[in-house]
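# Topology and contacts: notes
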Amino acid sequence: GGPQGQEGSPNGPTQGEKGRITICLLPKQKGIPYFTSCAEGAQEAAKELDVELIYDGPTDGSPEKAAAMVEKWALQGVDAICVSPNDPNVLAPAMKAARQKGVKVITWDADAPSDAREVFVNQATAEQIGTALVDTLVKDMGGKDVKGEVAIITATATAANQNEWIVHIKERLKAYPNLRLGSVVPSNEDQKLAFQAAQDLIKASPDLKGILAISSTAFPGAAEGIKQAGKAGQVQVTGLSTPNDMRAYVKDGTVKSVILWNTKDLGYLTVQVAAQLVRGTFKGTDPTVKAGRLGEKRVEGDNVLLGDILVFTKDNIDQFQF
Amino acid sequence: MRLRGVPGPALVLALLCALATAINPAFLSPRNLTDLMLAAAPTLIAACGLMLVVASGEIDISIGSLLGLCAAVAGTLSSPDRLGLPPSLAVAATLALGLGVGLLNGVLVSLVRVPSIIVTLGMLSVLKGANELLMGGKWITRLPDGLRAWGTGSVLGVPVPIAACAAVVALTWLLANRTAWGRRVFAVGSNADSARLAGIPVGRTKLAAFGLAGLLVALATLVSVPRLSLVDSGVGVGFELLVVTCVVVGGVSIRGGTGTILGVVLGVLLLSSVRTVLIFLQLGESSLYWERAIQGALILAAVMGDAAGRRREARA
Amino acid sequence: MAELLRTEGLGRSFGGVRALDGVNLDIAEGEVHALCGENGAGKSTLIRILCGALRPSAGRVLWLGAPLPEGVHRCEAAGIAAIHQEPVSFPDLDAVDNVFLGWEPRRGPLLDRRAMVRRTREALRELGEDLPLARPVGELPMAQRQMVALARALVRECRLLILDEPTAALSARETDALFAVVRRMRERGVSVLYVSHRLDEVFALADRITVLRDGRKVDTLPARETDRDGLIRRMVGREVPEAPSTETAAAGGPVLRVEGLSLPGAFEGVSLEVRSGEVVGLAGLVGAGRTELLEAIYGLRRFREGKATVGGRALRPGSVPSSLAAGVALVPEDRHRQGLIPSWPVSWNVSMASLGAVSRLGWISPGAERARAEAMARLLQIKCAGVRAPASSLSGGNQQKVVLAKGLFLGPRLLLLDEPTRGVDVGAKHEVHQLVRRLAAEGAAVLAASSDMPELLALCDRIVALRGGRISGELRRSEFSEPALLSLILPEEGAA
Amino acid sequence: MRRLIATHEAGLAALLAALLVAAWRTDPAFVSWRVQSGLLPQIGETALLAVPMTLIVITGGIDLSVGSVMALASVLFGLGFRSGWPVEACAAAALAAGLLCGALNGWFVTRFRVHPLIVTLGTMSAFRGLAEGVSAARPVSGFPDTFLRIGQGWTAVGLFAALTLAGTAVLARHVLGRRIYGIGLGESAARASGWNVDRLKASLYAFSGLMAGVAGVLFTARRNTAKADVGAGIELEVVTAVVLGGTSIFGGRGTLVGTALGLAVLHEVRQFVGWRWSNDVLNLVVVGALLIGAVTLNGVISRRPAGSVEGG
Ligand SMILES: Nc1ncnc2c1ncn2[C@@H]1O[C@H](COP(=O)(O)OP(=O)(O)OP(=O)(O)O)[C@@H](O)[C@H]1O
Ligand SMILES: Nc1ncnc2c1ncn2[C@@H]1O[C@H](COP(=O)(O)OP(=O)(O)OP(=O)(O)O)[C@@H](O)[C@H]1O
Ligand SMILES: [Mg+2]
Ligand SMILES: [Mg+2]
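Residues numbered from 1 in each chain as written. Chains lettered and ligands numbered in written order. Predicted model: local features only at pLDDT ≥ 70, side-chain atom pairs only at ≥ 80, totals over all residues. Heavy atoms only, no water.

### A few points about the sheet that holds strand E1 (residues 3-14) of chain C
All names here are of chain C. On the basis of which strands lie adjacent, the open sheet formed by four strands has the order E2-E1-E4-E5 and antiparallel pairing. Of all strands in the sheet, those bounded by a partner on one side alone are strand E2 (17-28) and strand E5 (66-67). Strands E1, E2 and strand E4 (58-63) of the sheet are contacted by helix H1 (residues 43-50), whose axis makes an angle of about 120 degrees with E1. (Pairing = 2+ DSSP bridges. Helix = DSSP H or I, 4+ residues; strand = E, 2+ residues; numbered from the N terminus. Contact = heavy atoms within 4.5 Å. Axes fitted to C-alpha atoms, helices over the stretch in contact; angles between N-to-C directions.)

Okay, structure coming up:
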């Protein structure tokens, strides 16, 4: 399909026309809307720049499989690999090996150790995300003075990203002494478990005021759980998700805010940066990078910054279609 | 022997519930019990089908991916964002898909004589791939009310999933214990050679068991997925392990020939209430990391308790 | 009498083996027709064809003048009921299900469970058997399982009842009950095709006898017109002496000494002694605990109380290796489950219990293994297509000989035999007896359980009788007689 | 019977050859030594676990807990390293943990006579949960280069080759091999023949645990990380390779050479699909279809005589 880049086409990357560069885009998990919409943006950039784009990743989000894919691409001799590492430690050795073979390796969406990549296309740091999650939830619950308990529904117990966010969430929660962190429940990337967990949390603790559902499957599951428990408005939930997936809940009032950045732009920017690195029109050390329709983007250290975190609410959500 | 798979799970389940209630009396509230039943219903429906397959001496581990594919098909057909066909059509197509895949498994097992664990292991992977292809990297976020009624509606005041589950349990009991076909399923699993000598069509009996199991997985999809408004491509991942675990904890012999509905019901209730109990115990953040260890320990306790009890019984 | 069934030039081969060759057989209405022949003569094969479980490779079967329909189910519907040598048995299901599976009475779409229970109970009562209907039959002793299989044939309205060695696992009491049933059926006009290696049974029941040898029919003749010797001559093609002339060797020192052995639910306070050079029989009805006593001595079951020593070495309860080390060997009762690995070559089966003897440092020498297996096969006259043929391709009796060979392979100090000649033909039975005697003469001690009373009387120096798990008495050779033995094994009130 | 096994193995070898030729025709680079040797380590842990798994499946059992044992070994290695133990001590602890887990499986299976599928389904949860619990799901990395080097190369593959050679000899000629097959075909007969069935079975599970420990350490070295989700799902991959290699899931039949061929076919198919189409979804379908197809074909070719026991 369109947004999937070159995947599924019988033209292996090694058959790419001479002179045309090949860029691989690796999501943490293939087949989830967040990354699919990133890939749409990436495809747009690939067309503009006339590069071959390969979009592939593990359908189960396994970092080991992702590392195997990086190793394979490096052996095929592609020009650039853009990695969103689900577990930086697992991917770093493969990425380093690829760099030694002369492939340009960058990270996007999530970072890896700096010696494993040239630059990081950064949409937001874990700290920014953690802070935004807590602050938004507090705002939705009615402000600083609300007393009570907050629970977290996460992806899996071992999800590296989520665990890092949880550290920052805890850090930020210290700023709100009236709030107490209750259970942290894994949903094992299963919507139904998130749904059930939300309902159980509500019943188990009458003091519960808010839930942070910090994975893209947990968020709609938790929202549905609150809605069916009849607690919409009394228990708030927020998290990270694409506007398309949460639109219905925002419209019916179960969810007040959804946090994310512009995913299409993230994919677009990533391919722009990778292609320019290969062509030499951008060196990792430049202070800015020209990124097509996005204009000039700031580079801070070795981080290319996308821009601000977006908060989608009833009022603005219809302006975003991804 | 008659009570195989009953005492162990029953004891562990009772202890868990007592513990949860002692710490948090809300556990026994009607609302929570209803929710528990709602959560257990799809697992139990699928487990009834699997019980018959296992009793016939075979196994079906493709049910996780089948659930996912059924969800994708139901959603794709009925969602206004996709094809937007009438929900009744989607329901019929889903049931037909479940039945069809079940029969395909059955044909490969009983006519082509490939061991069922291999057929269904392969099918697990093939159906998952089909699911990903059908979903195309995007989720289905709106389901029509007609479909959602299967998950959220109620008949005579009883939520549809619970009613459907009760009906399936009752029918499976009847089928297994009071019909010729049901007894033949157990006979085939107990001794296939004798079954042939007794003139029982072994292949056809197994085929029907697989077909029924597939159909029940489709039904489980219909009463679970529409409870949420969103279908993602991860639906059903790991479901096969859960259901197999429930069935074997419930005392259905993996070698075939034995098994009771009561045991399966207890196995499902045990496995599906563990999470809820853990949440009610409010162990705080640390429960996150220990949840799976506790689950595993409980499974082992139930199974070993049962085995120990059986040995004592055999000695007496 | 009208003809019920007839076969014309029936033949069947398995691979290269001709199991049946041009057999013409006719069975009249209301007769008991016996089928006799050595192990591997083709009896079971013929029966499997007659009940639709096997297709003939030549010839045809006529049923009331018309070709027999194909398939087990249609044959049953036509009125043929069969009990196979390895009877139909669903170990996980209860007796009622075992009796009715495949042709269940229904009420609407559901089973008529009440009728099933009633008719099962009636059939079992007719067989003089009272067993728990709700227990999975796998938990019942062999003989009771056999009775359930018999009930399966009895409850059906059949016109031809086929029994393939039904008494092999039965003892005297069950056998009598079965005979009564067979005679009653004959009176009702049902024909019976009866296979047995116990010739006295054949003469007690049969109207006519057909003898098979090497897959061909030798003769069909009225039972009145022949006697035991004549029959044996036809079966074997040579003379076989009546009973083995057992010259009791002088018994040596005690080898097995059992004191107060108990296993709750099976046997209580059993004490006995077997000396070197002695063959001791173990008699008893089904469920008397013979098998369990043997298995406990061998270590397959853990006895609770008491002591067992072999050659002065105390046996550890429940430990087969400890018994093996003391030189104990067992020929088990259930050859398909415990005795053999059917898909393995005969040679592998024979060396199973004594791999040490054909290996060095654990590495097996195939040549030595084969050579020793071939020697055993010759000794026991095992009829097979070579020791590399899988055991499953042998006839029932020959399989039993393989199990025996396995037990004899190492030359044990104490040999435990459980139904050693179940399904073994007269000729071979004689060989087995001589072999056992020779072993004893060479200094081994033998403890043999058997439900075949003449066998015990012929083979043993001494017989210990078990009743309800306790020793009820002992007979010396000088006291041997069937009535004396019966009075020890039958329930006390019934012994009068 | 022998001939059937040989047919299956020959078939697999032919399939492998056909595959490599087809791959070479479409893209010669794929069959080059550089690429093949670069891709080989990816099958290392699976191969290592497939050796004990083959033996266990031949006895009629199964060990589903191997992935979880890998995780536990990996996590213990990481925890030891974090608290300053030398690498050798960490490795010893990890292997000991693996052995212990395997022994525990063996104990449950033999002591309670519960079907291994059920036991290891339970310990699969329990061991992984233990790994998550003791590590609080946090990864450890930053191991010394000397250690990482063990994992990059051929350690696992080499160990697998050695084990396969030794194991093949044992299965074909040794008393232990004979007993492994015998237990799978008739456990009662094996017991009645005086074999110490329980001890042999328990040792096989312990061996499996030990190898899972080794695989856990090697994985930690290869991917420079010790964490609780190591080896998730590897048990299905291992079982797939084993049955693809012709080992009967009902026990009593199978060889290590078959397993090696099964692993090779699985590995090459997967790598080639990834190489040419870069599509993980396609791989799911192809691998599943391959499994069903290969075993079906084998079943059709070596059609068992009607009426033989199907097992199960
Ligand atoms: N499935 C089979 N495959 C190969 N050979 C077979 C098979 N079944 C029977 N045979 C062979 O056919 C011959 C006749 O066997 P059958 O079982 O009919 O003998 P039988 O007369 O019943 O002997 P017994 O008294 O020992 O039961 C034997 O030589 C046996 O080896
Ligand atoms: N009447 C009965 N009803 C149910 N179970 C019985 C009965 N009698 C015995 N049993 C059980 O059946 C099993 C078989 O007993 P066992 O095999 O030792 O008897 P046996 O004397 O060897 O008889 P045989 O060898 O002739 O079958 C034992 O476990 C015993 O507890
Ligand atoms: Mg026979
Ligand atoms: Mg007995």
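### Some remarks on the interface of chain C and chain B
Contacts between the two partners involve 28 residues from chain C and, on the opposite side, 24 residues from chain B. Both sides of the chain C and chain B interface together cover about 2000 Å² of buried area, and 58% of this is carbon and sulfur. When residues of chain C are sorted by the area they lose upon contact with chain B, Phe90, Asp92 and Leu111 of chain C head the list and together hold 23% of the total. Summed over the shared surface of chain C and chain B, the result is two salt bridges. Joining chain C to chain B, the criterion identifies eight residue pairs in polar contact (both at pLDDT 80 or more). Those elements that provide at least two residues to the side of chain C that touches chain B are helix H2 (72-78) and strand E8 (110-111) of chain C. Counting residues per element, the side of chain C that touches chain B draws most heavily on H2 of chain C, at three residues. (Buried area = accessible area lost by both parts, 1.4 Å probe. Salt bridge = Lys/Arg side-chain N within 4 Å of Asp/Glu carboxyl O. Polar contact = N/O pair within 3.5 Å; in protein donor to acceptor, adjacent residues only side chain to side chain.)

### Considerations on the site of ligand 1
All names here are of chain C. In the vicinity of ligand 1 lie 18 residues, with Lys43, Ser44, Thr45, Ser393 and Gly397 positioned nearest. Contacts to ligand 1 include serine 393, whose backbone N or O atom sits 2.4 Å from an oxygen atom. Contact distances for ligand 1 include 3.4 Å between an oxygen atom and a backbone N or O atom of glycine 396. When the free accessible area of ligand 1 is taken as 640 Å², the share hidden by the protein chains comes to 85%. Here the shell around ligand 1 gets three residues from one element, more than from any other, and that element is H1. Split by domain, the shell around ligand 1 shows at least three residues from each of two domains, domain 1 (3-236) and domain 2 (256-489). (Near = heavy atom within 4 Å. Areas by Shrake-Rupley, 256 points an atom, 1.4 Å probe, with all protein chains shown as cover. Domains from an automatic or database assignment.)

### Description of the confidence of the model for chain A
On average, chain A scores 88 in pLDDT, and the residues at 70 or more come to 94%. Long-range and interchain partners of residues 1-17 of chain A, a stretch whose pLDDT sits below 50, account for 37 contacts in this model, where long-range means more than four residues apart. (pLDDT = per-residue confidence, 0-100.)

### Let's talk about the confidence of the model for chain B
Low pLDDT marks regions whose predicted coordinates should not be analysed in detail. All names here are of chain B. Chain-level pLDDT for chain B is 90 on average; 97% of the residues reach the 70-or-more range. Here helix H13 (residues 287-315) is the element of chain B with the lowest mean pLDDT, 76, and helix H10 (residues 202-224) is the one with the highest, 97. Reported for the predicted complex are a pTM of 0.86 and an ipTM of 0.84.

### Examining the coordination of the magnesium ion (ligand 4)
Protein coordination at the magnesium ion (ligand 4) comes from Thr291 of chain C (OG1) and Glu333 of chain C (OE), with a distance range of 1.8 to 2.7 Å. Of this pair, threonine 291 of chain C sits in helix H9 (residues 290-298) while glutamate 333 of chain C sits in the loop between strand E18 (328-331) and helix H11 (335-339), and the two are 42 residues apart along the sequence. (Donors = N, O, S within 2.8 Å, 3.2 Å for Na, K, Ca; no water.)

### Some remarks on helix H15 (residues 426-441) of chain C
Given 3.6 residues per helical turn, the α-helix brings residues three or four places apart onto the same face. Residue and element names in this part refer to chain C. Over its 16 residues, H15 runs 22 Å from end to end, which matches the ideal 22 Å to within 8%, given 1.5 Å per residue. Most of H15 sits inside the fold, with 13 of its 16 residues counted as buried. Phi turns positive one or two residues past the end of H15, at glycine 443, with a value near 115 degrees. (Expected span 1.5 Å × (residues − 1). Buried < 20%, exposed > 50% of the residue type's maximum accessible area, 1.4 Å probe, protein only.)

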